[in-house]
Structure formats: C-alpha cells, structure tokens
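Letter by letter, the chains look like this.
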Amino acid sequence: AVAQNEMPKKVTEESVMPSSGTTVVAQGTFQGADSFHKGSGSVAILENENQSIIRLEDFSVTNGPDLYVVLAEKSNPNSSETLGEHIILEKLKGNTGNQNYSIPSTIDVSKYKSVVVYCKAFGVVFAVASL
C-alpha cells in the first residue's frame, strides 16, 4: 500500500536534449542521505545556447512525499541545515528513470556544488549528488 503522502511510484523516461552544441558543465553520482533515504544514478548539468538543464539518468530514489530537485551551494548536504544557499527548481517527476529539469537562465550554475532530492514538507534530504 502506498502511504497517503507519497507520490505515486512513477518511472519517467525523458530523452536528453539534442547533442549539437550541448556541453556538460558538471556531473556527479547520487548517494543516499542515510540508511533509509537511498538514491542512485547519475546527474549532469547540460547547457546549450538556449537553455541549461539538470539531467538525471538511471536515477532511483526512495519514494516519499513532497520531493523536489534542488541546487545547493554545499557539496554534500545531509539535512536542511546543511543545504546552504539553495534553489528549489521543481517537483520531482518520478522516483525512477531518466528525467530533465530546466534551470532558469538567471541562475549562475557554477556556484552550486550539488543536486539534492529534498522533501520540502519535512525538511529531509533523500539523495545528494556532489558536482
């Protein structure tokens, strides 16, 4: 049975942006935050002349409520107190699969050191990928 607050288990399969003119700005591998909150897969920040995205591949994270993709200033935050300056990008599309998240052009990606899957409602880090 799915707990009331959990998002439905969802596999997302988005294709990557066209490779012409696309560069990898940063990349990393997801780790779980603790023994209960697990995460795996890779993350890359991709850029072309029109946009920047966060690309999750072979991604999987423990399911939970109110999960968001966050860019954090700290390289390995494990709690809401250790996120440092951060930007909540958008709600997690699915707890497994390949996914893309747009980064607004006003954000200077170079100052962020990790991508975090974060439960906003409870202030809990589920998974972290240092960049």
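Predicted model only: the values in this text are computed from it and were never measured.

Undergrad: Can you tell me about the sheet that holds strand S7 (residues 96–103), naming the residues and giving the values?
TA: With mixed pairing, 9 strands are arranged side by side in an open sheet as S1-S7-S4-S3-S2-S9-S8-S5-S6. What marks the edges here is a single partner per strand, and that holds for strand S1 (11–13) and strand S6 (86–91). This sheet shows a mean twist of 30° between the axes of neighbouring strands, independent of strand direction. Examined bridge by bridge, strand S8 (residues 114–119) and strand S9 (residues 124–130) share 6 bridges and lie antiparallel to one another. Looking at S9, one finds that Val-116 is bridged to Val-128.

Undergrad: Report on the nonpolar core, specifying residues and quantitative values.
TA: Judged by nonpolar contacts, the single largest core of 24 residues is most densely connected at Phe-30, Ile-54, Leu-56, Leu-71, Leu-92, Ile-103 and Val-117. Sort the elements by how many residues they give to this core and strand S4 (residues 52–61) lands first, with 4 residues. Among all residues touching Ile-54, those that are not within four sequence positions of it are Val-43, Ala-44, Ile-45, Val-69, Leu-71, Leu-89, Gln-99, Asn-100, Tyr-101, Ile-103 and Val-115.

Undergrad: Give me the lowdown on the environment of Leu-89, citing residues and values where you can.
TA: Here Leu-89 shows up in strand S6. For the pair formed by Leu-89 and Ser-102, sequence separation is 13 residues and the distance between their alpha carbons is 7.6 Å. Non-local contacts of Leu-89, meaning those with residues more than four positions away in its chain, are made with Ile-54, Val-69, Leu-71, Ser-102, Ile-103, Pro-104 and Ile-107.

Undergrad: Account for the pattern of salt bridges, naming residues and giving values.
TA: Throughout the structure, instances matching the rule amount to 3 salt bridges. Across the pair Lys-91 and Asp-66 runs a salt bridge whose closest N-O atoms are separated by 3.3 Å. Of this pair, Lys-91 sits in strand S6 while Asp-66 sits in the loop between S4 and strand S5 (67–72); the two residues are 25 residues apart in sequence, bridging distant segments of the chain. The class of Lys-91 is partly exposed, set by a relative accessible area of 43%. On the accessibility criterion, Asp-66 (22% relative accessible area) is partly exposed.

Conventions we followed
Residues numbered from 1 in each chain as written. Predicted model: local features only at pLDDT ≥ 70, side-chain atom pairs only at ≥ 80, totals over all residues. Heavy atoms only, no water. Pairing = 2+ DSSP bridges. Helix = DSSP H or I, 4+ residues; strand = E, 2+ residues; numbered from the N terminus. Axes fitted to C-alpha atoms, helices over the stretch in contact; angles between N-to-C directions. Core = buried A, V, L, I, M, F, W, Y, C linked by side-chain atoms within 4.5 Å. Buried < 20%, exposed > 50% of the residue type's maximum accessible area, 1.4 Å probe, protein only. Contact = heavy atoms within 4.5 Å. Salt bridge = Lys/Arg side-chain N within 4 Å of Asp/Glu carboxyl O.

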